[in-house]
Amino acid sequence: MEPQDDRTEFRSGDIDLDRFFQRYAGQNQFRHHIGTTYVAVHGDRIVGFVTVSSGEMVAEKLAKNLRRRVPAYPLPILRLARLAVDERFQGHGIGKLLLRAMLELALEMRDRIGCVGVTVDAKPDAVVFYSSLGFKPMDLISGALGDRPEPVAMFLPIGQIVIAVKEATN
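Our subject in this report is the structure included herewith. (Residues numbered from 1 in each chain as written. Predicted model: local features only at pLDDT ≥ 70, side-chain atom pairs only at ≥ 80, totals over all residues. Heavy atoms only, no water.)

**A closer look at the overall build of the protein**
For the protein, the count of helices and strands is 5 helices and 6 strands. Listing each helix as α and each strand as β along the protein from the N terminus yields α-β-β-α-β-α-β-α-β-β-α. Against the globule reference of 15 Å for 170 residues, the protein gives a C-alpha radius of gyration of 16 Å, in line with a compact fold. For the protein, the residues scored as buried account for 39% of the 170 residues in total. As displayed, the protein offers around 10,100 Å² of accessible surface, 51% of which is attributable to carbon and sulfur atoms. (Helix = DSSP H or I, 4+ residues; strand = E, 2+ residues; numbered from the N terminus. Rg over C-alpha atoms; globule rule 2.2 N^0.38 Å. Buried < 20%, exposed > 50% of the residue type's maximum accessible area, 1.4 Å probe, protein only. Areas by Shrake-Rupley, 256 points an atom, 1.4 Å probe, with all protein chains shown as cover.)

**Concerning the pattern of salt bridges**
Applying the stated criterion across every chain yields a total of 7 salt bridges. A salt bridge links Lys123 to Asp14; the shortest N-O distance between them is 3.7 Å. Taken together, the residues Lys123 in the loop between strand 4 (117-122) and helix 4 (127-132) and Asp14 in the segment before helix 1 (15-31) connect sequence positions 109 residues apart. The exposure class assigned to Lys123 is partly exposed, which follows from its relative accessible area of 29%. Note that Arg79 and Asp121 form a salt bridge whose closest N and O atoms lie 3.5 Å from each other. Taken together, the residues Arg79 in strand 3 (residues 75-85) and Asp121 in strand 4 connect sequence positions 42 residues apart. (Salt bridge = Lys/Arg side-chain N within 4 Å of Asp/Glu carboxyl O.)

**Regarding the nonpolar core**
Counting 31 residues, the largest nonpolar core has Leu78, Leu80, Val118, Tyr130, Phe135 and Ile161 as the members making the most contacts within it. Counting residues per element, the ones that place at least two in this core are strand 2 (45-57), strand 3, helix 3 (94-112), strand 4, helix 4, strand 6 (152-157) and helix 5 (158-169). With 9 residues, helix 3 is the single largest residue contributor to this core. Not counting the four nearest positions on each side in its chain, Leu78 is found in contact with Val52, Ser53, Met102, Leu105, Ala106, Met109, Cys115, Gly117, Val118 and Thr119. Core analysis: the next-biggest nonpolar cluster, separate from the first, contains 9 residues, Phe10, Leu17, Ile46 and Ala84 among them. (Core = buried A, V, L, I, M, F, W, Y, C linked by side-chain atoms within 4.5 Å. Contact = heavy atoms within 4.5 Å.)

**Quick look at helix 1**
An ideal rise of 1.5 Å per residue puts 24 Å on 17 residues; helix 1 measures up with 23 Å between its terminal C-alpha atoms. Remark: the principal bend of helix 1, roughly 55 degrees, maps to Tyr24. Within helix 1 the residues assigned to the buried category are Leu17, Asp18, Phe20, Phe21, Ala25, Gly26, Asn28 and Gln29. Looking at the buried residues of helix 1, the elements they touch are strand 1 (36-42), strand 2 and strand 3. The N-capping residue of helix 1, defined by a side-chain oxygen 2.9 Å from the backbone nitrogen of Asp16, is Asp14. (Expected span 1.5 Å × (residues − 1). Bend = angle between axes of the 7 residues up to and from the residue. Polar contact = N/O pair within 3.5 Å; in protein donor to acceptor, adjacent residues only side chain to side chain.)

**A closer look at the pairing of strand 4**
Within strand 4, 5 of the 6 residues are buried, leaving the element largely enclosed by the surrounding structure. Pairing of strand 3 with strand 4 involves 3 bridges; the strand directions are parallel. Note on strand 4: the bridge partner recorded for Leu80 is Val120. Taken together, strand 3, helix 3 and strand 4 form a β-α-β motif whose crossover is right-handed. (Pairing = 2+ DSSP bridges. Right-handed = clockwise from strand over helix to strand, strands pointing away.)

**Notes on unusual backbone geometry**
Of note in this structure, His33 is not a glycine but carries a positive phi near 55 degrees. You can see His33 is positioned in the loop between helix 1 and strand 1. The class for His33 is exposed, based on a relative accessible area of 61%.

Structure, rendered in structure tokens:
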């Protein structure tokens, strides 16, 4: 995303995602440096976006079969913070393309600075989408959103990302 990108016409059908993209994505990227937003463009219109940041997680949040293979200290991850597609372009694979680009970014992180996988706090209606791509639910240690629907914390290990990216390029 560039500072001059026009985000005002973007409508995903989710008011929280639209508000974030229109009001806060630029601030988070260019002023606070706490996340980067990538956009998919069709013509001169933004048709989708994904926001990511680096993060860490503790091994206790992983499934037992993954936990045995990693150290007990905090592990580097790529955190998928937001993903949305304009409602006029939904159902055309744009979300999967954006996610695939982020999986490739996770592989680049792995090689440059370390990364054990990708996490996402999936909205309840997006759990099926992420599950179909191999993400698995994790146990939350703490946290609550009050009256808002609880997201489902999900994880995709770097080994599965390697396989998914290879399959997508063949």
